[in-house]
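# Structure assessment
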Amino acid sequence: MQSGKLTEIVRILKRKTTRNAFGEEVEAYEEGSRVFMGVNSLAGTYRQVEGVGVQDYDVVFTGRYYLYVSGAITDGTVLRWNGHDYRVESIGLTSDSRMRNIVTFKCNRINQ
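A brief structural summary. (Residues numbered from 1 in each chain as written. Predicted model: local features only at pLDDT ≥ 70, side-chain atom pairs only at ≥ 80, totals over all residues. Heavy atoms only, no water.)

### Digging into the side chain of T62
With respect to the helices, strands and loops of the structure, T62 is situated in strand β5 (residues 58-63). The contact partners of T62, leaving out residues within four places of it in the chain, are L6, M37, G38, I102, V103 and T104. (Helix = DSSP H or I, 4+ residues; strand = E, 2+ residues; numbered from the N terminus. Contact = heavy atoms within 4.5 Å.)

Listed below in structure tokens is the structure:
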């Protein structure tokens, strides 16, 4: 693991489900732990959805292996970096992830 490349502070957001006055479930996120990760921005893609242009922002976060093993980050986890929220779409494990103590998380920016 080249820990010198983990220079960005990323927040792991925890999902919190509550019920409103009408009994409906309302999802909210509260900030959990802060971790140092490496961040690589991928080229954004532009596509049409029902006649409206949508810009996708893909980012790859690189973190330590324990974030995956401990269950702190799984598919669907929301990460906050640089004022934006990103949903984990896939987790990149290789045969030597454990030995190198590194895992990659491919994320898409959540449009709010």
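### Some words on the side chain of D85
Along the polypeptide, D85 turns up in strand β7 (residues 84-92). Given a relative accessible area of 9%, D85 falls into the buried group. A distance of 2.7 Å separates polar atoms of two side chains, one belonging to D85 and the other to R80. (Buried < 20%, exposed > 50% of the residue type's maximum accessible area, 1.4 Å probe, protein only. Polar contact = N/O pair within 3.5 Å; in protein donor to acceptor, adjacent residues only side chain to side chain.)

### Quick look at the packing of aromatic side chains
All chains considered together, the criterion is met by 4 aromatic pairs. Ring centres 6.2 Å apart and planes at 85° place the aromatic pair F61 and W81 in the edge-to-face group. With F61 in strand β5 and W81 in strand β6 (residues 78-81), the pair connects residues that are 20 residues apart, well separated along the chain. As far as the burial class goes, F61 and W81 line up, both buried. (Phe/Tyr/Trp six-rings, centres within 6.5 Å; stacked < 30°, edge-to-face > 60°.)

### With respect to the sheet that holds strand β2 (residues 25-41)
Pairing between the strands of a sheet is mediated by backbone hydrogen bonds and can be parallel or antiparallel. Read around the closed barrel, 6 strands run β1-β2-β5-β8-β7-β6, paired in antiparallel fashion. The mean angle between the axes of side-by-side strands here comes to 45°, regardless of whether they run parallel or antiparallel. Both β6 and β7 contribute to a ladder of 4 bridges, which runs antiparallel. What sits directly across from L79, in β7, is Y86. (Pairing = 2+ DSSP bridges. Axes fitted to C-alpha atoms, helices over the stretch in contact; angles between N-to-C directions.)

### Regarding the pattern of salt bridges
Two side chains carrying opposite charge are able to pair once their charged atoms lie near each other. Taken as a whole and judged by the stated rule, the model has 5 salt bridges. For the salt bridge of E31 with R80, the shortest nitrogen-to-oxygen distance reads 2.8 Å. Of the two residues, E31 is situated in strand β2 and R80 in strand β6; the sequence distance between them amounts to 49 residues. In this structure R80 comes out as partly exposed when scored by relative accessible area, which is 28%. Among the ionic pairs, R80 bridges to D85, the shortest N-O distance being 2.7 Å. Here the salt bridges do not stand alone but share partners, grouping R11, E31, R80 and D85 into one network. (Salt bridge = Lys/Arg side-chain N within 4 Å of Asp/Glu carboxyl O.)

### So, unusual backbone geometry
Not every positive phi belongs to a glycine, and N82 is a case in point at roughly 60°. On the basis of relative accessible area, N82 is assigned to the exposed category, the value being 59%. The phi torsion at N101 lies on the positive side, around 60°, for a residue other than glycine. Position of N101 relative to the elements: it lies in the loop between α2 (97-100) and β8 (103-109).

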